[in-house]
Number of protein chains: 2
Amino acid sequence: MRNKQKQIQLRDVQDVLDIIGGRWRGAVLASLCDKEKRFNELKRDLGNITPRTLTKELKYLEMNKLVSREVEASGGASVLYSLTTHGKSLNPLIGQIVAWGQKHRKVVLG
Amino acid sequence: MRNKQKQIQLRDVQDVLDIIGGRWRGAVLASLCDKEKRFNELKRDLGNITPRTLTKELKYLEMNKLVSREVEASGGASVLYSLTTHGKSLNPLIGQIVAWGQKHRKVVLG
DNA sequence: AATACCGCTATCTTTTAGGATACTTACTGC
DNA sequence: GCAGTAAGTATCCTAAAAGATAGCGGTATT
């Protein structure tokens, strides 16, 4: 049983790393933590992500219920991406990641 | 300034995800959180990782001072991999990852 | 001497992620 | 009606990650 538990944990770790891993997903989420954003705003924010990749990442995150996409009804074309409640629950996790990252840099460089 | 801060955070997130990200690294670390292990023990633990990949991941983690490798002097060939102090500092983070992962599965499936 | 396990390394192939670039549709303002 | 911006799609290409498979040097086991 102990072993089964462990297997589940490993699966959890892999799941989560799948979600926030990769070159961009974590960054997209982190950027949306700040506030909701539009497509091109995100694009600028992330520096040199290509639209193709950004689209894919956003779709993936939507599928995983972390991000919601809403078209603003009236006015010009404008789509808002924001974190869902579930997505927001990642916030403390990302906070810890950032904190550890800063510590890590010191350890490796120092 | 606010924006610069944000840039730094994004870099941190990406750094960390580089380390614990990918298909296997997080799982290797999580498995070692439990206790120190030998090569084949890790291999069995992780299910279907190939030796080639496991070797590479372990080397990477060693380089980043997260894992230490020690050959047991006497007796049969036996190598112990364990977390360094720095590696252990990842423990709470991994704990949170597991916790969030479990919650996430419920949200996505439920 | 034969078998078997440990800790790998080597080679080869497949899969995947992601970049580059161009194009499209829809609306706004002039 | 033309340019500009937003929000993407479509197509093609490359590099890197990881899988499959085989083998090797050592030890210990019988």
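Residues numbered from 1 in each chain as written. Chains lettered and ligands numbered in written order. Predicted model: local features only at pLDDT ≥ 70, side-chain atom pairs only at ≥ 80, totals over all residues.

**Description of the overall build of chain A**
Here is step 1 of the chain: If you tally the helices and strands in chain A, you get 6 helices and 3 strands.
Here is step 2 of the chain: At 16 Å, chain A has a C-alpha radius of gyration far larger than the 13 Å of a compact globule built from 110 residues.
Here is step 3 of the chain: With the C-alpha coordinates of chain A rotated into their principal frame, the extents come out at 55 × 40 × 25 Å.
Here is step 4 of the chain: Sorting the 110 residues of chain A into buried and exposed places 28% on the buried side.
Here is step 5 of the chain: Across chain A, the fraction of contacts at a sequence separation of at least 24, relative to all contacts at a separation of at least 6, is 42%. (Helix = DSSP H or I, 4+ residues; strand = E, 2+ residues; numbered from the N terminus. Rg over C-alpha atoms; globule rule 2.2 N^0.38 Å. Buried ≥ 20, exposed ≤ 12 C-beta atoms within 10 Å, placed from the backbone. Contact = placed C-beta atoms within 7 Å.)

**Considering the interface of chain A and chain B**
Here is step 1 of the chain: With 32 residues of chain A at the interface, the matching set in chain B holds 33 residues.
Here is step 2 of the chain: Mapped onto the side of chain A that touches chain B, the elements with two or more residues apiece are helix 1 (2-20), helix 2 (25-34) and helix 6 (91-109) of chain A.
Here is step 3 of the chain: In terms of residues, the side of chain A that touches chain B owes the most to one element, helix 6 of chain A, which gives 12 residues.
Here is step 4 of the chain: Here the side of chain A that touches chain B is built from residues that sort into 15 nonpolar, 11 polar and 6 charged. (Nonpolar A, V, L, I, M, F, W, Y, C, P; charged D, E, K, R; others polar.)

**Observations regarding the relation of the copies chain A and chain B**
Here is step 1 of the chain: Take chain A, turn it by 178°, move it 0.1 Å along the axis, and it overlays chain B with an RMSD of 0.5 Å. Classification of the inter-copy transformation places it as that of a two-fold axis. For chain A, the minimum C-alpha distance to the rotation axis belongs to A:Gly21 and amounts to 2.7 Å. (Least-squares fit on C-alpha atoms with pLDDT ≥ 70 in both.)

**Quick look at the nonpolar core**
Here is step 1 of the chain: The biggest cluster of nonpolar side chains holds 43 residues, and the ones touching the most others in it are A:Val13 and B:Leu29.
Here is step 2 of the chain: When near neighbours in sequence (up to four residues on either side) are disregarded, B:Leu29 contacts B:Ile20, B:Leu66, B:Gly87, B:Leu90 and B:Ile94. (Core = buried A, V, L, I, M, F, W, Y, C linked by C-beta atoms within 7 Å.)

**With respect to helix 6 of chain A**
Residue and element names in this part refer to chain A.
Here is step 1 of the chain: Here helix 6 spans 27 Å end to end across 19 residues, near enough to the 27 Å set by a 1.5 Å rise per residue.
Here is step 2 of the chain: Looking at helix 6, one finds that the buried residues are Ile97, Trp100, Gly101 and His104. Considered in projection along helix 6, the buried side chains sweep an arc of 115° and stay on one side of the axis. Exposed side chains of helix 6 directed beyond 90 degrees from the buried face belong to Pro92 and Lys106. (Expected span 1.5 Å × (residues − 1). Arc of directions from axis to C-beta.)

**Re the sheet that holds strand 3 (residues 79-83) of chain B**
Two modes of strand pairing occur in sheets, parallel and antiparallel, and in both the strands are linked by backbone hydrogen bonds.
All names here are of chain B.
Here is step 1 of the chain: Strands sit in the order 1-3-2 across an open sheet of 3 strands; the sheet is antiparallel. Of all strands in the sheet, those bounded by a partner on one side alone are strand 1 (37-38) and strand 2 (67-71).
Here is step 2 of the chain: Where strand 1 and strand 3 come together, 2 bridges link them in antiparallel fashion. In the sheet register, Arg38 faces strand 3, and the bridge partner there is Leu80.
Here is step 3 of the chain: Those strands touched by helix 2 (residues 25-34) are strand 1, strand 2 and strand 3, and its axis lies near 95° from that of strand 3. (Pairing = 2+ DSSP bridges. Axes fitted to C-alpha atoms, helices over the stretch in contact; angles between N-to-C directions.)

**Topic: the sheet that holds strand 1 (residues 37-38) of chain A**
Residue and element names in this part refer to chain A.
Here is step 1 of the chain: Strands sit in the order 1-3-2 across an open sheet of 3 strands; the sheet is antiparallel. Edge strands, defined here as strands with exactly one partner in the open sheet, are strand 1 and strand 2 (67-71).
Here is step 2 of the chain: Its contacts with the sheet put helix 2 on strand 1, strand 2 and strand 3 (79-83), and the angle it makes with strand 3 is roughly 95°.
Here is step 3 of the chain: Relative to the sheet, helix 4 (residues 51-63) contacts strand 2 and strand 3, its axis offset from that of strand 2 by approximately 110°.

**Observations regarding the confidence of the model for chain A**
Here is step 1 of the chain: Scored by pLDDT, chain A has a mean of 89; 94% of the residues are at 70 or more.
Here is step 2 of the chain: Taking the mean pLDDT of every element in chain A, the minimum, 82, falls on helix 1 of chain A and the maximum, 97, on helix 4 of chain A. (pLDDT = per-residue confidence, 0-100.)

**Describing the pairing of strand 3 of chain A**
Here is step 1 of the chain: Where strand 2 of chain A and strand 3 of chain A come together, 5 bridges link them in antiparallel fashion. The partner of A:Arg69 across the bridge, within strand 3 of chain A, is A:Tyr81.

**Quick look at the environment of B:Leu66**
Here is step 1 of the chain: Locating B:Leu66 in the fold gives a position in the loop between helix 4 (51-63) and strand 2.
Here is step 2 of the chain: Judged by the 26 C-beta atoms lying within 10 Å of it, B:Leu66 falls in the buried class.

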